[in-house]
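If you want the building blocks of each chain, they are given just below.
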Amino acid sequence: MRGSPLPSFWPLSKLQVATPMAIEDLWRSLYFFGLYRLILGGLLLLLATAFGEALSLNAFEQTWVFRICLAYIFLTLVSLIGVQIKRPPFSLLLAFQVGTDIVVIATLTYFNGGIQSNLGMLLLVSLAAAGMISRGRITLFYAALASIAILLEHAYSVLTHEAAVGQFLQAGILSAAYFAVAWLSHTLSKYAIASEKLAFVRGVDLSNMAEANRLMIQDIPDGVLVVDERGAVRQSNPSAERLLGHVFLTDNPCVLGECSPLLDALFAAWRQNKALGHEVLRLPTTNRLVRVRFLPVQREGFWGAVIVLEDMQRVQEQAQQVKLAALGRLTANIAHEVRNPLSSISYAAELLQEGRQDPAQLRLSQIILDNAARLNRIVQDVMQLNRRDRVHAEPIDLAQKLANFAEELCQTQHLLPELVRIVVSSECRVSFDRGHLDQVLWNLGNNALRYSQKMPGSIKLLARYSDDGNVVLEVIDDGPGIDAETAQKLFEPFFTTDARGTGLGLYIARELCEANGAVLEYSAPNEGGACFRIVFGVNNEP
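Attention in this report is confined to the structure presented alongside it. (Residues numbered from 1 in each chain as written. Predicted model: local features only at pLDDT ≥ 70, side-chain atom pairs only at ≥ 80, totals over all residues. Heavy atoms only, no water.)

1. Considering the environment of Phe179
Position of Phe179 relative to the elements: it lies in helix α7 (residues 168-219). Taking the C-alpha atoms as reference, Phe179 lies 9.3 Å from Ala146; in sequence the two are 33 residues apart. Look past the residues within four positions of Phe179 in its chain and what remains in contact with it is Leu140, Ala143, Ala144 and Ser147. (Helix = DSSP H or I, 4+ residues; strand = E, 2+ residues; numbered from the N terminus. Contact = heavy atoms within 4.5 Å.)

Below you can see the structure in the form of structure tokens.
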């Protein structure tokens, strides 16, 4: 807070829990205390001016009362200005106001007939306010000053106006009342400080819990809606917006019937019969199949419910992934066991070929070797598929990567460099496992080479940015293309249109892309041929 240090009389424990909001509350309390003093000064001035004779004031006393009231109003205005600009420090400004009240009221008591005028009772209000505002034992010091002022005023009245000595008892009782009020306000202020500290700690805890709940809800893959008893949506997460096809605005909450009448009807039925729940329904807006669960929020009566929308497609995909993982482990073990006898078969066939001149026997041996090699490729593909979850992503510049791949492809297959055409947009960089990307490119490149016309530009490697900001890599050939029926089975394992193939190349390529957060898909270009497209995820861009 600008130019407003905490009161110097606050203990360290209170300084540790003071918050900007609490400090502002202190200044606000001091401001209202100043307004009370201003009103009090105005009333005293009005009484002295309009009802001076009724109060048995002579001209001399009325003049002094008028001057004192004007001075009091002026000093009060000065203190109010200090509160507005927060100068001087809080403790000094409070001491100035209380000290002014003590001096002014003691002086007015003297000019209004002494202790019997009962003006000293006004200091009880000032001391109580000071105790609540200062929240420290300094209030007892103010009470001592007020008692001394009242006793001195009466002693001076006894000496100069021949006031009754017996009224010292009344002054003593009033002084005791000052200390009683000061101690009571000090005690109440301690309770106020304890309550304020507890409220602050509970508020911080509640705020942290609310933030933790919000983050948890936002991260949950299932759709979550928090609705009250009237069906108004108080909180939601992105998954719920995706499943319902509705955007929930925080500043303009909507009712459940506006975003999904079907869900609202189910919510109303569940309120009538809590046995309902775990219903599976298809949302008409997005045509998504979801399982709906209602969790009541009730502690002291029904407040609302948490509606959980479980995407059945995601559940089915998870179950499929579990099955594929188990199948992958099984096939990897089988492949490992098959590899040893397969090596023995290949070695035995090679021994049979040695020293044989019979063309029929040589042909049979070669058939054995060819099929053994094919089985060995299948085993290698299966074992490579089982390692698809070992991803070590790194930034890759597609321009450099595609140029190196095209050069290696042409050198390995003894092709002209003009066969492959590369078009890459500027700054096309992705995050991908380098070994996985090599395997995907070689699978797609060999497929394109196998079916292309092997003319200059027959194979095109195009890298660009899509409209939504994703990097897209397309491998296009000028071959005969793929019919619609075959295109639906392209990524199925062991499906192939080439008798020499294993049928696992495209399946493995797609699995490796998914493991790296990308999507491999097929599309038929307008000019003919085939196009395999890799869409890299936005989260994978470095």
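Now that the structure has been shown, we can carry on.
2. A word on the pairing of strand β9 (residues 459-465)
Inspection of the sheet shows strand β7 (residues 420-424) paired to β9 by five bridges, in the parallel sense. In the strand pairing of β9, Val420 is matched with Ile459. Taken together, the seven bridges between β9 and strand β10 (residues 471-477) define a ladder with antiparallel strand orientation. Looking across to β10, one finds that Arg464 is bridged to Val472. Here β9 folds back onto β10 in antiparallel fashion, the turn holding five residues, of which Gly469 has a positive phi close to 95°. (Pairing = 2+ DSSP bridges.)

3. Let's talk about helix α3 (residues 59-85)
The first and last C-alpha atoms of α3 sit 39 Å apart over 27 residues, in line with the 39 Å expected at 1.5 Å per residue. Residues of α3 that are buried include every one of Glu61, Val65, Ile68, Cys69, Tyr72, Ile73, Thr76, Ser79, Leu80, Gly82 and Val83, and no others. Lys86 occupies a position one or two residues after α3 and carries a positive phi of about 55°. (Expected span 1.5 Å × (residues − 1). Buried < 20%, exposed > 50% of the residue type's maximum accessible area, 1.4 Å probe, protein only.)

4. Considerations on the sheet that holds strand β1 (residues 223-228)
Consider a sheet: its strands pair through backbone hydrogen bonds, and that pairing is either parallel or antiparallel. The five strands lie next to each other as β2-β1-β5-β4-β3, forming an open sheet whose pairing is antiparallel. Each of the sheet's edge strands pairs with one partner strand only, and the pair in question is β2 (233-236) and β3 (279-283). Averaged over all adjacent pairs, the angle separating strand axes in this sheet is 30°, with direction ignored. In this sheet, strand β5 (residues 302-311) lies alongside β1 in antiparallel orientation, the contact comprising six bridges. Bridging from a neighbouring strand, Val227 pairs with Ala305 of β5. Sheet contacts for helix α10 (residues 261-272): β1, β3, β4 (288-298) and β5; angle to β5, the most-contacted strand, approximately 130°. (Axes fitted to C-alpha atoms, helices over the stretch in contact; angles between N-to-C directions.)

5. Let's talk about the sheet that holds β10
Read across the sheet, five strands follow the order β7-β9-β10-β12-β11 without closing on themselves; strand pairing throughout is mixed. Of all strands in the sheet, those bounded by a partner on one side alone are β7 and β11 (518-523). Sheet twist, expressed as the average angle between the axes of neighbouring strands with direction ignored, equals 15°. Two strands pair when backbone bridges link them, and β10 and strand β12 (residues 530-536) are joined in this way by six bridges, in the antiparallel orientation. Its bridge partner lying in β12, Val472 is registered against Val535. Across the sheet, helix α13 (residues 398-413) is in contact with β7, β9, β10 and β12; its angle to β7 comes to roughly 175°.

6. Concerning the side chain of Ser175
Of note, Ser175 is situated in helix α7. Among residues more than four places away in sequence, those in contact with Ser175 are Ser147 and Leu151.

7. Here we look at the packing of helix α5 (residues 122-134) against α7
Across the interface, α5 lies against α7 with an axial gap of 8 Å and an inter-helix angle of 25°. One way to sum up the angle between α5 and α7 is to call them roughly parallel. Classified by chirality, the crossing of α7 by α5 is right-handed. Contacts from Leu123, Leu124, Leu127, Ala128, Gly131 and Met132 in α5 reach Ala177, Tyr178, Val181, Ser185, Leu188 and Ser189 in α7. Looking at the contact of α5 with α7, its residues break down into nine nonpolar, three polar and no charged. (Parallel < 35°, antiparallel > 145°, perpendicular 65-115°, else oblique. Left-handed = near helix turned anticlockwise from the far one by under 90°. Nonpolar A, V, L, I, M, F, W, Y, C, P; charged D, E, K, R; others polar.)

8. Here's the deal with the pairing of β2
Strand direction decides the pairing type here: β1 and β2, joined by three bridges, are antiparallel. In the sheet register, Val226 faces β2, and the bridge partner there is Gln235. Between the end of β1 and the start of β2, which pair antiparallel, lie four residues, with Gly231 showing a positive phi angle near 85°.

9. Some details on the pattern of salt bridges
Applying the stated criterion across every chain, the model contains 11 salt bridges. When the shortest N-O distance is used, the salt bridge between Glu394 and Arg434 registers 3.3 Å. With Glu394 in strand β6 (residues 393-397) and Arg434 in helix α14 (residues 434-451), this residue pair connects regions lying 40 residues apart in the sequence. By relative accessible area, Glu394 is classed as partly exposed at 30%. Salt bridges sharing common partners tie together Asp228, Glu229, Arg230 and Arg234. (Salt bridge = Lys/Arg side-chain N within 4 Å of Asp/Glu carboxyl O.)

10. A closer look at the nonpolar core
Core analysis: the biggest nonpolar cluster contains 40 residues, and Phe432, Leu444, Leu520, Phe532, Ile534 and Phe536 have the highest contact counts within it. With residues up to four places along the chain from it excluded, the contact list for Phe432 reads His392, Ala393, Glu394, Ile396, Leu437, Leu512, Cys513, Asn516, Ala518 and Phe536. The next biggest cluster of nonpolar side chains, apart from the first, holds 29 residues, and it includes Leu94, Ala106, Ile133 and Ala146. (Core = buried A, V, L, I, M, F, W, Y, C linked by side-chain atoms within 4.5 Å.)

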